[in-house]
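Descriptive analysis of the structure
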Amino acid sequence: MAAGNEPQLGLVALATAILKDATAVEEYLKERGLPQPSFLPGAPPRLNMEDRGVAEAHERVLNATRELHHLTLGPMQSLTSLVSFEDPFAISVLNKLEIALHVPLDGTATFEHLSEKTGVPLADLRHILRMAMTSYVFTEPTPGSVAHTAASKLLRESAFARNMITFRCDEQFIGSAKAAEALVKYKDEEPQLSGWGFANDATKPLFDELAEKHPERFANFKAGVAIVGATAVPRHMVLQGFDWAGLGPGTRVVDIGGGGGEISVMLAREYPNLSFVVQDYEDDIRKGEKELAEDLKNEGRVTFMPHSFLDPQPIKDADVYFFRSIFQNWPTKYAIRILRNLIPALKKGAKIRIHDPMTPDKGLLSPWQERQKLSMDSRMYVLFKSHHRYADSWSSIFAEADPRFRIISIKPSHIAARAMINIDVAWDE
Ligand SMILES: C[S@@+](CC[C@H](N)C(=O)[O-])C[C@H]1O[C@@H](n2cnc3c(N)ncnc32)[C@H](O)[C@@H]1O
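Calculation criteria
Residues numbered from 1 in each chain as written. Predicted model: local features only at pLDDT ≥ 70, side-chain atom pairs only at ≥ 80, totals over all residues. Heavy atoms only, no water. Helix = DSSP H or I, 4+ residues; strand = E, 2+ residues; numbered from the N terminus. Rg over C-alpha atoms; globule rule 2.2 N^0.38 Å. Buried < 20%, exposed > 50% of the residue type's maximum accessible area, 1.4 Å probe, protein only. Areas by Shrake-Rupley, 256 points an atom, 1.4 Å probe, with all protein chains shown as cover. Lys, Arg positive; Asp, Glu negative; His and termini not counted. Charge placed at Lys NZ, Arg CZ, Asp CG, Glu CD. 1 Å grid on protein atoms, 1.4 Å probe; cavity = no way out; pocket = protein on both sides within 12 Å on 5 of 7 lines; lining within 4 Å. Points joined across faces, edges and corners; volume = space filled by probe spheres on them. Nonpolar A, V, L, I, M, F, W, Y, C, P; charged D, E, K, R; others polar. Salt bridge = Lys/Arg side-chain N within 4 Å of Asp/Glu carboxyl O. pLDDT = per-residue confidence, 0-100. Near = heavy atom within 4 Å. Polar contact = N/O pair within 3.5 Å; in protein donor to acceptor, adjacent residues only side chain to side chain.

The chain carries the name S-adenosyl-L-methionine-dependent methyltransferase in an unreviewed UniProt entry, which gives Lepidopterella palustris CBS 459.81 as its organism.

Focus on the overall build of the chain
The helix and strand inventory of the chain stands at 18 helices and nine strands. On C-alpha atoms alone, the chain measures out to a radius of gyration of 24 Å, which is about the 22 Å that the 2.2 N^0.38 rule sets for 429 residues. Taken along the three principal axes of its C-alpha coordinates, the chain extends 75 × 55 × 50 Å. Within the chain, the proportion of its 429 residues that are buried is 45%. Within the structure as shown, the chain displays about 21800 Å² of accessible surface, and the carbon and sulfur contribution to it stands at 57%. One way to put it: in the chain the 49 positive side-chain charges average out to a point 1 Å from where the 56 negative ones average out.

Overview of empty space enclosed by the protein
Tallied over the entire structure, the rule returns one cavity of 30 Å³ or more. In this model, the largest cavity occupies a volume close to 40 Å³. Along the walls of the largest cavity sit Ile256, His307, Phe309, Asp311, Pro312, Gln313, Phe323, Ile338, Asn341 and Leu342, which together make up its complete lining. When its residues are assigned to classes, the lining of the largest cavity shows six nonpolar, three polar and one charged.

So, the pattern of salt bridges
Across all of its chains, the model carries 23 salt bridges by this definition. Between Glu209 and Lys213 there is a salt bridge; the shortest N-O distance is 2.7 Å. With Glu209 and Lys213 both in helix H10 (residues 206-213) and four residues apart, the pair spans about one turn of that helix. Take Glu209: its relative accessible area is 2%, and that puts it in the buried class.

Quick notes on the confidence of the model for the chain
Averaged over all residues, the pLDDT of the chain equals 93, while 97% of them reach at least 70. Overall fold confidence for the complex sits at a pTM of 0.90, while the interface term, ipTM, reaches 0.99.

Observations regarding the site of the ligand
Residues in close proximity to the ligand total 18 residues, the closest being Lys222, Gly257, Asp280, Phe309 and Arg324. Between the ligand and Asp280 there is a distance of 2.7 Å, counted from an oxygen atom to a side-chain nitrogen or oxygen. Classifying every residue of the shell around the ligand by side-chain character gives seven nonpolar, eight polar and three charged.

This is how it looks when you write it as structure tokens:
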């Protein structure tokens, strides 16, 4: 990708590059008898290219079509297009109205019918639907009739899509609209002073604020976190990130902020040498206990206890204190506090193990991947006033938390835009 003062491809050169890569993708799909990309409702929800070379060609198409689009717009329209609100507006309204349920999969519905079903005045609804149609969500095959596209069908059939849209529109989008104002007003490293906090008059960090004041939004948020935890950050990266097998028999691990224990269960199944105590909010803990498989319950290798990591750690003398995807949600001042809260519990030689999303150094990801990664990072900032940190941030965080933390290793790993840092630290006192 060209940017700034770097030599830049012209329209035709970009289009030619797109043609070459798009041809490679199309032929790959054809050869394997896989469906071609399509807006029709029969299209599969995701385009997965298993071949590495084709996946790279696919990514270059995504990147170059974006570049071509912005180049073609010209600077003024390119800039203003970056702050458009129309798509989130239209899609969130349609999602809340559950309009996709009123459009048959194998036919059409009239605007009048949809207006009647939803109680939204005809003129408003038609406007909103036609706005969404410009982004391939629903279509109007004949004037006045509405049919599904592949994307609108997801609004009907995919709980994941509905959850993501609700989460992004109700939490992230509203938070991002206030992020600039929050930044100018408040420089402090307080999570409730994020754009989201400012937009919601929050007095506590997002998790507590939602849990206490907005239980329905919290349930949606937690569902989203669980899906993202399982998909955006593949679980097997935890297995590969550390030497779990090398920990001795009977190793006791405390999984701090471990949710319903999904990661502990996965590790317990893989490594009989390990036992786990999962700590999180009361609701997560109860859910984890309820869903724990009978054999693990009987073995007693995965247990649960409610605990806030903003308070001192109550489990003394464990072998490993493990955090997965926790520090991404906390500004550095809080990251230090969370680490210091361990100190009263630590025995000599105890390990602190951290598996957290990170931002790879510039140049390590393709431009498309870098944009994906920085988008995730922006979410952290808008919601929590925190970041997916760079690998080199951690030494100073531990040094400031306490000089007795000794870093054993800091290893970055990434699969495309999914980048994680694997940190092993020992307590030496
Ligand atoms: C991004 S999720 C990660 C969950 C889990 N470690 C995983 O990797 O799947 C963050 C977790 O931190 C928990 N959490 C947030 N604030 C907490 C606090 N003060 N004390 C304990 N857990 C907290 C949330 O409930 C949530 O389960």
